[in-house]
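Letter by letter, the chains look like this.
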Amino acid sequence: MITGCGASMANMTGRGCEHPRGCHTGELPVHASATVGARFWLLIEHSGPWASHLEDCKLPEGVHTLIKRATRLGIRPQLIRRPGRRNPVETGIHVMVADSTAAEPWIAEGVFAGPDDLDLDSVVAGVVPESCILVSEPVFLVCTHAKRNACCARIGLPLARSLAKSLPDTVWETSHVGGDRYAANLVCLPHGLYYGSMSQAAAIAAADAYRSGEIILDRFRGRAGIPEPLQAAEHFIRIHTGELSVGGVAVESSRSDGAVTEAFVRGSGARFRVVVEPMTLTTPCGTACADTITTYRLVALDRLTPVLYATSALT
């Protein structure tokens, strides 16, 4: 999160950019910043144009109905389109739905005549809707939502097109995913892994790693759908252990005391106690700039010694 000045940075980070210097290059920290509320996803193909907010877009009434229904159920709606293409979908509503926080995350797709043909209640119940087919390949979303923030299009559009050349049929442009200052943003589904401040080379490396079941920590924002302090705890365990497999680190339990969060985390075949707290960084734009960035720092990290329980001897 950034507070303070913004417009004064426009000429320092690129034409029309109001973000502090270093936001789009990976110089500033991005960890523990994935969108907390995105546990379930509804992706709707619509070639555009996109207004700044989905409710203001000129969409078919059935699509608006799906967006409203998804929002009410806690499913994150996103508009998607193929990079470089603006041809409208000929028939029906093409959607993908995903559950990012299931024990085994999944993504499925289908084409529907109308909104009543898609059972969104089953998505929040963790069940693939009828008439949807599971997708076996990962799906990659690149935010290119110009009306929401110009940087998303300025940096995201060429990245999406470049990534699509390497991984055709798996890459989509998408509407706002959260975190304009991290443009270009990349989301890997079905696990909901967020990357930010991506270059074209970094995006290709992250996508290749995800296809192999791994995470690259450079520019990794975190996993969507879990609180930011827990994203931070997982991040510090990955740094400590070198564990890069997607499912290799998970928070088992946590508690907060004010701003401080204590979490018990499994990783690399061991359990750890991790304590994190928010911290504020001053952006690197000189003493006259009042912008600050909130991130997380590691307070404590302890490996837990396994406790062996023995049955008391009978006397």
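Predicted, not measured: the structure shown is a model, and the values here were computed from it.

Reading the values: the criteria
- Residues numbered from 1 in each chain as written.
- Predicted model: local features only at pLDDT ≥ 70, side-chain atom pairs only at ≥ 80, totals over all residues.
- Heavy atoms only, no water.
- Core = buried A, V, L, I, M, F, W, Y, C linked by side-chain atoms within 4.5 Å.
- Buried < 20%, exposed > 50% of the residue type's maximum accessible area, 1.4 Å probe, protein only.
- Helix = DSSP H or I, 4+ residues; strand = E, 2+ residues; numbered from the N terminus.
- Contact = heavy atoms within 4.5 Å.
- pLDDT = per-residue confidence, 0-100.
- Axes fitted to C-alpha atoms, helices over the stretch in contact; angles between N-to-C directions.
- Parallel < 35°, antiparallel > 145°, perpendicular 65-115°, else oblique.
- Left-handed = near helix turned anticlockwise from the far one by under 90°.
- Pairing = 2+ DSSP bridges.

Chemist: Give me the nonpolar core: which residues, what numbers.
Modeler: In this structure, W41, L43, F140, L141 and L186 are the most contacted members of the largest nonpolar core, which totals 43 residues. The set of elements that each furnish at least two residues to this core consists of strand 2 (40-45), strand 4 (93-99), strand 7 (139-143), helix 4 (150-166), strand 8 (171-174), strand 9 (186-189), strand 10 (193-195) and helix 5 (200-211). Here this core takes six residues from helix 4, the largest share from any one element. Contacts of F140, omitting those with residues within four sequence positions, involve L163, L167, T170, V171, W172, L186, V187, C188, A207, Y210 and R211. A51, C57, L118 and C132 belong to the second largest nonpolar core, which has 24 residues in total.

Chemist: Any details on the confidence of the model for the chain? Residues and values, ideally.
Modeler: Put simply, the chain has an average pLDDT of 88, and 85% of its residues get 70 or more. Taken together, the stretch residues 1-14 has pLDDT below 50 and engages in 37 contacts with residues farther than four places along the chain or on a different chain. Across residues 310-315, where pLDDT falls below 50, the model places zero contacts with residues more than four positions away in sequence or in other chains.

Chemist: Give a description of the packing of helix 4 against helix 5 that names residues and reports values.
Modeler: Between helix 4 and helix 5, the shortest axis-to-axis distance is 9 Å and the interhelical angle comes to 45°. Classified by the interaxial angle, the pair formed by helix 4 and helix 5 is oblique. In this structure, the crossing between helix 4 and helix 5 has a hand that is right-handed. Every residue of helix 5 that contacts helix 4 at P158, L159, S162, L163 and S166 is listed here: Q200, A203, I204 and A207.

Chemist: Outline the sheet that holds strand 4, listing residues and values.
Modeler: The strands making up a sheet are joined through hydrogen bonds of the backbone, oriented either antiparallel or parallel. The mixed open sheet is built from ten strands, whose spatial order is 6-5-4-2-3-8-7-9-10-11. Strands with a single pairing partner mark the edges of an open sheet, and in this sheet they are strand 6 (133-134) and strand 11 (220-223). Here strand 7 pairs with strand 9 via four bridges, running antiparallel. The residue bridging V142 from the neighbouring strand is L186, located in strand 9. Across the sheet, helix 2 (residues 61-73) lies against strand 2, strand 3 (75-81) and strand 4, angled at about 145° from strand 3, the strand it touches most.

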